[in-house]
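Working through the structure, step by step
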Amino acid sequence: MSKTVSELVSELGLEALALTEGERELKGGFTGDLLSYVMAHLRSDEAWITIMTNVNVIAVASLTDAACVIVADGAEVDTEVVQSAVQRGVNLLRSNASAFELCKGLAQIGL
Amino acid sequence: MSEPYRMNFTVDGENFTSAGDASGRVKKALRQLGFSPEIIRRVSIAMYEGEINMVIHAGGGRAEVSVFDDYIEIVLEDDGPGIADIELAMQEGFSTAPEQVRAIGFGAGMGLPNMKRYTDEMTIDTEVMKGTRITMRVKTV
Ligand SMILES: Nc1ncnc2c1ncn2[C@@H]1O[C@H](COP(=O)(O)OP(=O)(O)O)[C@@H](O)[C@H]1O
Ligand SMILES: [Mg+2]
């Protein structure tokens, strides 16, 4: 069953910091914080769960064609990073849940 | 063969924030030229890793992307310290990146391996104390 990023936001109660393309369909998920590791393994249209919040995260999400970034553990995100997400058309979401809880959530909604 | 479409960039050695601007612009241009998402992804990730390396290890540099009839070529050139042992540098996990670079998620020692992974050809010309030139090609047909 496929889900859009907007559906993910409402079903998991995520905070939408930048929802530039809510209609994007999700094809899976990936979690990681080492940026080159993510660039090696994250596939297009996946949700990327991470605790990293610097501006390079937005560049990596854009270049790897991630469907969205979900910042775990309610990590702080600077406004400069949100602006970069809007500019680059990256869906940037946040949750107070841990990466583990978020993975479980993705599984529960059928991903 | 027709004249290639070329893009040139200067990569600022001072900041990590602007690294990714060049690859972002290349991504946009390749999309307008009608390349497939997979080709665009490979070219832009390889280029981004190269840009980041020039920022971290070489104090900045220059990038040129050329679109030929059957391949896209990325050339990254810097006047940094060079790479003393290419074989070692190519090993996954090898990194000389300082701690503050690791703190922002880089320095996993996977940049050069990613550049190789995502391109069809990659050559490294380097001289210690002089600089490094990396040429990558991604076939488009
Ligand atoms: N442009 C460059 N100039 C000098 N040294 C470089 C350059 N690119 C890579 N290196 C060297 O090769 C090593 C491995 O590079 P890479 O695989 O990208 O890992 P990382 O950047 O995470 O350290 C670097 O740590 C550095 O020592
Ligand atoms: Mg690197």
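Let us look at the structure shown here. Within any chain, residue numbers begin from 1 and follow the written order of that chain's sequence. Each chain is given a letter, starting from A, and each ligand a number, starting from 1, according to the order in which they appear as written. Only residues with pLDDT of at least 70 get local features here, since the model is predicted, and only at 80 or more are side-chain atom pairs given and counted; chain-wide, interface and lining totals rely on the full set of residues. The side-chain numbers reported here are obtained from all heavy atoms of the structure, hydrogens and water having been left aside.

The next point concerns the packing of aromatic side chains. All names here are of chain B. Stacked, edge-to-face and tilted are the three classes for Phe, Tyr and Trp ring pairs, Trp counted by its six-membered ring, which pair at centre distances within 6.5 Å; planes under 30 degrees apart are stacked, over 60 edge-to-face, the rest tilted. If you walk through the whole model with that rule in mind, you get four aromatic pairs over all chains. A ring pair is formed by phenylalanine 68 and tyrosine 71, whose centres lie 4.7 Å apart and whose planes are at 25°; its orientation type is stacked. Burial here depends on accessible area, computed with a 1.4 Å probe over protein chains only, as a share of the maximum for the residue type. Under 20% is buried, over 50% is exposed, and the range in between is partly exposed. Since its relative accessible area comes to 12%, phenylalanine 68 is described here as buried. An aromatic cluster of at least three residues, connected via ring pairs, comprises Phe16, Tyr48 and Phe106.

Residue and element names in this part refer to chain A. Taken together, five strands build an open sheet; the order of strands is 2-7-6-5-4 and the sheet is mixed. Only two strands of the sheet have a single neighbouring strand rather than two, namely strand 2 (15–18) and strand 4 (28–31). With strand direction ignored, the average angle separating the axes of adjacent strands in the sheet is 25°. Whether two strands pair comes down to DSSP finding at least two bridges between them. Only DSSP runs of H or I reaching four residues or more are called helices, and only runs of E reaching two or more are called strands; each is numbered from the N terminus. Bridging between strand 5 (residues 46–50) and strand 6 (residues 68–71) involves four bridges; their strand directions are parallel. Looking at strand 6, one finds that threonine 50 is bridged to valine 71. Sheet contacts for helix 3 (residues 56–64): strand 5, strand 6 and strand 7 (92–94); angle to strand 5, the most-contacted strand, approximately 160°. Axes, fitted as lines to C-alpha atoms, cover a helix only where it is in contact. Angles between the N-to-C directions of the axes lie from 0 to 180 degrees. Residue contacts are counted whenever heavy atoms from the two residues lie within 4.5 Å of one another.

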